[in-house]
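Coordinates in review
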Amino acid sequence: MYDLIVHNARVYPDFQAGKPAPVASIAITDGQVSELGVGADAPAHKHLDANGAMILPGFVDCHTHLCYAGNRMDEHAARLAGTSYAEIAARGGGIRATVRAVDGANEQELVEQSLPRLQALMREGATTVEIKSGYGLSPANELKQLRAIRRLGETGGVRITATFLALHALPEGESAGKYVRQVIEETLPAVAEESLAECVDVFCEHMAFSVADMLAVFERARELGLACRAHTDQLSNLGGTRAAAESGVRSCDHLEYTRAEDIAAMVANGTVAVLLPGAYYCLRETQTPPVSALREAGVPMALATDLNPGTSPVASPLAILHLASTLFGLHADEAVAGLTCHAAKALGRDNIGTLNPGAKADFTIWDAAGPEFFTYQLGGIRPRHVYYEGILNES
Ligand SMILES: [Zn+2]
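Summary of the structure given here.

Observations regarding the packing of helix α5 (residues 139–152) against helix α6 (residues 176–193)
The N-to-C vectors of α5 and α6 enclose an angle of 30 degrees; their axes lie 10 Å apart at closest approach. Taken together, the axis directions place α5 and α6 in an arrangement best described as roughly parallel. The hand of the α5/α6 crossing is right-handed. Residues Pro139, Glu142, Leu143 and Leu146 of α5 form the contact with α6, whose own contacting residues are Gln182, Glu186, Thr187, Ala190 and Val191. Grouping the constituent residues of the contact of α5 with α6 by class yields 5 nonpolar, 2 polar and 2 charged.

Let's talk about the sheet that holds strand β7 (residues 59–61)
Strand order in the open sheet made by the 8 strands is β7-β8-β9-β10-β11-β12-β13-β14, with parallel pairing throughout. Whereas interior strands pair on both sides, the edge strands pair on one side only; in this sheet they are β7 and β14 (301–303). Sheet twist, expressed as the mean angle between neighbouring strand axes with direction ignored, is 25 degrees. Two elements, β7 and strand β8 (residues 126–132), share 3 bridges in a ladder whose sense is parallel. Bridge pairing links Val60 to Thr128 in β8. Sheet strands touched by helix α4 (residues 107–123): β7, β8 and β9 (159–167). Its angle to β8, the strand with the most contacts, is close to 145 degrees.

Here we look at the pairing of strand β11 (residues 227–232)
In terms of burial, β11 is largely enclosed, as 6 of its 6 residues are buried. Both faces of β11 are covered, namely the face carrying Ala227, Arg229 and His231 and the face carrying Cys228, Ala230 and Thr232. Both strand β10 (residues 199–203) and β11 contribute to a ladder of 5 bridges, which runs parallel. Bridge pairing links Val200 to Cys228 in β11. As judged from the 4 bridges shared by β11 and strand β12 (residues 251–254), these two strands associate in the parallel manner. Residue pairing for β12: Arg229 is matched across the bridge by Ser251. Read as a crossover between parallel neighbours, the route from β11 over helix α8 (residues 240–247) to β12 is right-handed.

Details of the layout of surface pockets
Its boundaries defined by the atoms lining it, the largest pocket holds a volume of some 340 Å³. Every residue lining the largest pocket is counted, 19 residues in all, and those nearest its centre are Tyr85, Phe203, Gln234, Leu283 and Thr311. The class makeup of the residues in the lining of the largest pocket is 7 nonpolar, 8 polar and 4 charged.

Things to note about the packing of aromatic side chains
Going through the model one piece at a time under the given rule, you end up with 9 aromatic pairs. Where Tyr12 meets Phe15, the ring centres are 5.9 Å apart and the plane angle is 35 degrees; that geometry is what we call tilted. Ring plane angle 75 degrees and centroid distance 6.4 Å describe the contact between Phe59 and Phe374, whose orientation is recorded as edge-to-face. Separated by 315 residues along the polypeptide, Phe59 in strand β7 and Phe374 in the loop between β15 (363–366) and β16 (385–388) bring together distant segments of the chain. Taken together, the aromatic side chains of Phe59, Trp366 and Phe374 make up a single cluster linked through ring pairs. Note that Arg117 overlies the ring of Tyr68, its terminal NZ or CZ placed 3.5 Å from the centroid.

Thoughts on the packing of α4 against α5
For any two helices packed against each other, the geometry comes down to the angle between their axes and how far apart the axes lie. Here α4 crosses α5 at 50 degrees, and the two axes come no closer than 9 Å. One way to sum up the angle between α4 and α5 is to call them oblique. Handedness of the crossing formed by α4 with α5: right-handed. Side by side, α4 and α5 meet where Glu107, Gln108, Leu110, Val111, Ser114, Leu115 and Leu118 of the first sit next to Lys144, Gln145, Arg147, Ala148, Arg151 and Leu152 of the second. Taken together, the residues that form the contact of α4 with α5 break down as 6 nonpolar, 3 polar and 4 charged.

Section: the pattern of salt bridges
This structure, assessed with the given rule, holds 21 salt bridges. Across the pair Asp201 and Lys132 runs a salt bridge whose closest N-O atoms are separated by 2.7 Å. Of this pair, Asp201 sits in strand β10 while Lys132 sits in strand β8, and the two are 69 residues apart along the sequence. The two residues Asp201 and Lys132 agree in class, both being buried. In this structure, Arg242 and Asp262 form a salt bridge, with 3.0 Å as the shortest nitrogen-oxygen distance. Here Arg242, found in helix α8, pairs with Asp262, found in helix α9 (residues 260–269); they are 20 residues apart in sequence, far enough to count as distant.

Quick word on the side chain of Thr163
With respect to the helices and strands, Thr163 occurs in strand β9. Among the polar contacts listed, one links the side chain of Thr163 to the side chain of Glu130, at a separation of 2.6 Å. Dropping the residues within four chain positions of it, Thr163 is found in contact with Glu130, Ile131, Lys132, Ser133, Leu146, Ala197, Cys199, Val200 and Asp201.

With respect to the sheet that holds strand β5 (residues 44–49)
An order of β4-β3-β1-β5 is seen for the 4 strands of this open sheet, with the pairing classed as mixed. Each edge of the sheet is formed by a strand with only one pairing partner; in this case those strands are β4 (32–36) and β5. The average angle at which neighbouring strand axes cross in this sheet is 25 degrees, direction not considered.

Focus on the coordination of the zinc ion
Six octahedral donors around a metal ideally make angles of 90 or 180 degrees; four tetrahedral donors ideally make 109.5 degrees. The protein atoms donating to the zinc ion are His63 (NE2), His65 (NE2) and His231 (NE2), with metal-donor distances spanning 2.0 to 2.2 Å. Each donor residue of the zinc ion belongs to the same chain, with the gaps between them written as H-x1-H-x165-H. Here His63, found in the loop between β7 and α1 (73–80), pairs with His231, found in strand β11; they are 168 residues apart in sequence, far enough to count as distant. Pair check on accessibility: His63 and His231 agree, each one buried.

Reading guide: rules and limits
- Residues numbered from 1 in each chain as written.
- Predicted model: local features only at pLDDT ≥ 70, side-chain atom pairs only at ≥ 80, totals over all residues.
- Heavy atoms only, no water.
- Axes fitted to C-alpha atoms, helices over the stretch in contact; angles between N-to-C directions.
- Helix = DSSP H or I, 4+ residues; strand = E, 2+ residues; numbered from the N terminus.
- Parallel < 35°, antiparallel > 145°, perpendicular 65-115°, else oblique.
- Left-handed = near helix turned anticlockwise from the far one by under 90°.
- Contact = heavy atoms within 4.5 Å.
- Nonpolar A, V, L, I, M, F, W, Y, C, P; charged D, E, K, R; others polar.
- Pairing = 2+ DSSP bridges.
- Buried < 20%, exposed > 50% of the residue type's maximum accessible area, 1.4 Å probe, protein only.
- Right-handed = clockwise from strand over helix to strand, strands pointing away.
- 1 Å grid on protein atoms, 1.4 Å probe; cavity = no way out; pocket = protein on both sides within 12 Å on 5 of 7 lines; lining within 4 Å.
- Points joined across faces, edges and corners; volume = space filled by probe spheres on them.
- Phe/Tyr/Trp six-rings, centres within 6.5 Å; stacked < 30°, edge-to-face > 60°.
- Lys NZ or Arg CZ within 6 Å of the ring centre and 35° of its normal.
- Salt bridge = Lys/Arg side-chain N within 4 Å of Asp/Glu carboxyl O.
- Polar contact = N/O pair within 3.5 Å; in protein donor to acceptor, adjacent residues only side chain to side chain.
- Donors = N, O, S within 2.8 Å, 3.2 Å for Na, K, Ca; no water.

Honestly, it's all geometry; don't read function into it.
What follows is the structure in structure tokens.
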């Protein structure tokens, strides 16, 4: 006896190998997919007639910075008016502006300000969301941010996975050497001790941290049982993608300046490429990631909102599907794979982002003709229903 059968549907179970042929029904038991294509008369506690609707795996937003206080609207306006990022940073803007706002907020305020952003992602069908720290910088404020992320995980109807963004920006007046030592000797062990994150991330960029800093943090993180990911090649190529891939990270994220030799390292090490068209769009960048080369090499391309207060205030997975197609040239099925199975891979999970038997029953029901509708219409789309572990999200 199944708990639930949704029939008269077009269920797309897995976009791993392109757009799959849809099946007509999905059966759920104990929050997991039990079977696909069962007859409408199979025994179940509940039957749901989808009236021909499309069913997709719940979206996995595998790269966000949505836990923060305040906003940076002024900075965005200044940038559009021609002020450079360097000038904004020199005035105390940029990441440090959010660091000050997070410093001035307590854990409860961080949760209250971040929850509406998380709910916006959920309304568009996100059932798993990764959230990074990285606006604390001091050990106490990083832990505060990670505890707020843990509380966001108690929201219900969504799975939250926390990443300690160990190296994001240098605190005012601090030297890189001293700061990296503090992260390795103090903050990382404290994060591991409280089990506040499953992964560690580093911003490897000329305006942020070096390849050597990144690798030093990864080494300590692995000793403490944490997985690793990296922000690389967003604004320049420091060799970060290659070094991170060779060290065994789950994913390299951004990749606008990634070259052939970096892609070869990703292939050799099974690294996921996480593309972030929201940041590319908001910063009005002109260098696109090497999508054709990644596709040809068979590197799994994930997508994410990168939801953050500075470079990607984009609280919409559906907008990301559209931008990935329009700006980066992803096909509709590649874009949906990017927000489902490939994003799951970037998080090291194989039981989400698909609806194959045994997977978590996280799925969305859409009145859309096919996945191509997402890369066609921008705005005005919402799932009819979102199910998380077999339970309907009421919102
Ligand atoms: Zn990021």
